[in-house]
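The chain contents come next:
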Amino acid sequence: MADSLETGSTDTIEALIKKNFPLLSKRLQVGKLIPYFIQEGLLDFPEDKQVIMSKTTTRGKAEALLELLSEKGTCTTKMFVDILKKGDHQHVAEQLKWGSAPEDTTTEGPQVFISHAGQDKRRFVRPLVEQLQLEGLPEERLFYDEISLKHGDDFDAKIRGTLASPSLKLVVFVISRHVLTDKYWPKLEWELTLKANKKVFPIWLDQNNDGFREFGNRVRKYSPTLKTAVAEKVLVSNARGKIPDVAEKIIRMLETA
C-alpha cells in the first residue's frame, strides 16, 4: 500500500510520524535505519546518532529518531518509506496509515494465514494471534477463523480465495497431533498452500521427551515436503512462554517476504 500512497498523500513527515507513532515507536529497529538517514543527509553524524543511541531501550531509540526527523522536517514521506524498505522494514512501511490518499487495492487482504486445529486455539493459537496484533499486525492483515470467518460465509471459498490471493505472504502452519489426525481442513489448507507456492512457517506443537523425533516421523508421513521445512518447535508445557518469540519471528519473516 505504501508504494502508491507515498506519491498520492499530502502528509508531511511530521504528520505521518504523528499518525503512526505507536506503530513506529514499537517496530523500528533504528540500528538498521540510521546509516541510511545519515547517508541521505537527514541526520547529522555523529551528533544525532549519539542522541539516539544514548537511549537505553529499543523504543526509546525509536522515539528519539522520530522526534529528530519531525523537528528537522527535511525528510520527505517518500524518502522515509524508501529508507524503511532499504532497512529491512518493508512490513512496517506497508502498515503506515496515511491521509486521504487513494487505496491501493492490489495489496488489500490478509498477509498471514494461520492454519491450525481447533483443539489448539486456547493453548497456543489464540494467544499467538493476540500477540501478533500487539506487535502491530492489524486484524485485516490476518486470516484467522475467529476473526475472518463469519456465520453464513462460504468457508471453503473464502479459504481458497485467501490462500490464492497475491496479498498473502506467509502461511503459519501450527502442526500438532490434532492436525496430523484431522482428515480435512488442515490438509486442504496445506495442499492449497503448496499449489499457490506460498512461503510457509511451520510450528511443531507437541509434548514429548525425545526432541520431537517421533513427532517428526509423524510429520514426514503426513507430508514429506512439510517435514523438510525448517520448523519452530514448541513444547506444549512452554507454549505461552514461547509466544512472544514466535510472533517476533513471524513479523520478521513478513518484513523480508
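That block above? That's the structure.
Let me begin by describing the structure that accompanies this report. Nothing here was measured: the structure is a model prediction, and the numbers come from that model.

Overview of the pattern of salt bridges
The full count for this structure, using the stated rule, is 20 salt bridges. The partner of R126 in a salt bridge is E146, and the shortest N-O contact between them spans 2.7 Å. Taken as a pair, R126 in helix α9 (residues 121-134) and E146 in helix α10 (residues 145-148) lie far apart in primary sequence, 20 residues in all. As a salt-bridge pair, D245 and K249 come within 3.6 Å of each other at their nearest N and O atoms. Placement of both D245 and K249 in helix α16 (residues 239-256) is noted, with a separation of four residues, approximately one turn of the helix. Under the relative-accessibility criterion, K249 is labelled partly exposed at 32%.

Quick word on the nonpolar core
Ranked by size, the top nonpolar core spans 28 residues in total, and within it L28, F37 and F80 carry the most contacts. Going through the elements one at a time, α2 (13-19), α3 (21-27), α4 (30-39), α6 (58-72), α7 (77-86) and α8 (90-95) are the ones with two or more residues in this core. Apart from the residues within four sequence positions on either side, F80 is in contact with I13, L16, L24, F37, L66, L69 and C75.

Section: a positive patch on the surface
A grouping of R220, K221, K227 and K233 is seen on the molecular surface, where their side chains present a positively charged patch. For R220, the location among the structural elements is in helix α14 (residues 213-222). Looking at R220, the relative accessible area reads 41%, which means it is partly exposed.

A closer look at the packing of α9 against α16
It is the contact of α9 with α16, at a shortest axis distance of 9 Å, that shows an interaxial angle of 45 degrees. Regarding the angle of α9 to α16, the classification is oblique. As α9 runs across α16, the sense of the crossing is right-handed. In this structure, α9 contributes R122, R123, F124, P127, L128, Q131 and L132 to the contact, and α16 contributes A239, R240, I243, P244, V246, A247, I250 and I251. Tallied by class, residues from the contact of α9 with α16 come to eleven nonpolar, one polar and three charged.

About the cut-offs
- Each chain carries its own residue numbering, running from 1 in the written order of its sequence.
- For a predicted model such as this one, the threshold for reporting local features is a pLDDT of at least 70, and the threshold for listing and counting side-chain atom pairs is 80 or more; totals across whole chains, interfaces and linings nevertheless cover every residue.
- Excluding hydrogens and water, the side-chain figures rest on all heavy atoms present in the structure.
- The salt bridge definition used is simple: a Lys or Arg side-chain nitrogen within 4 Å of an Asp or Glu carboxyl oxygen.
- Secondary structure elements are defined from DSSP: runs of H or I of at least 4 residues count as helices, runs of E of at least 2 residues count as strands, and each element is numbered from the N terminus.
- Each residue is placed in one exposure class: buried if its accessible area under a 1.4 Å probe, protein chains only, is under 20% of its type's maximum, exposed if it is over 50%, and partly exposed if it falls in between.
- Residues belong to one nonpolar core when they are buried, are Ala, Val, Leu, Ile, Met, Phe, Trp, Tyr or Cys, and are joined through side-chain atoms within 4.5 Å.
- Contacts are assigned to residue pairs that have any heavy atoms within 4.5 Å of one another.
- Patches draw on residues past 30% relative accessible area with no salt bridge. Two like charges within 9 Å are joined, as are two nonpolar side chains (Val, Leu, Ile, Met, Phe, Trp, Tyr) within 5 Å.
- Using a 1.4 Å probe, accessible areas were evaluated by the Shrake-Rupley method; residue-level cover was limited to the displayed protein chains.
- In this count, Lys and Arg are taken as positive residues and Asp and Glu as negative ones, while His and the chain termini are left out.
- Where a charge lies is defined by one atom per residue type: Lys uses NZ, Arg uses CZ, Asp uses CG and Glu uses CD.
- Helix axes are fitted only over the stretch in contact, all axes being lines through C-alpha atoms; the angle between N-to-C directions runs from 0 to 180 degrees.
- Here is the rule for angles: anything less than 35 degrees is roughly parallel, anything more than 145 is roughly antiparallel, 65 through 115 is roughly perpendicular, and the remaining ranges are oblique.
- Here a crossing is taken to be left-handed if its near helix is turned anticlockwise relative to the far helix by less than a right angle, and right-handed if that turn runs clockwise.
- Side-chain classes follow a simple rule in which Ala, Val, Leu, Ile, Met, Phe, Trp, Tyr, Cys and Pro form the nonpolar group, Asp, Glu, Lys and Arg form the charged group, and the remainder, Gly included, forms the polar group.

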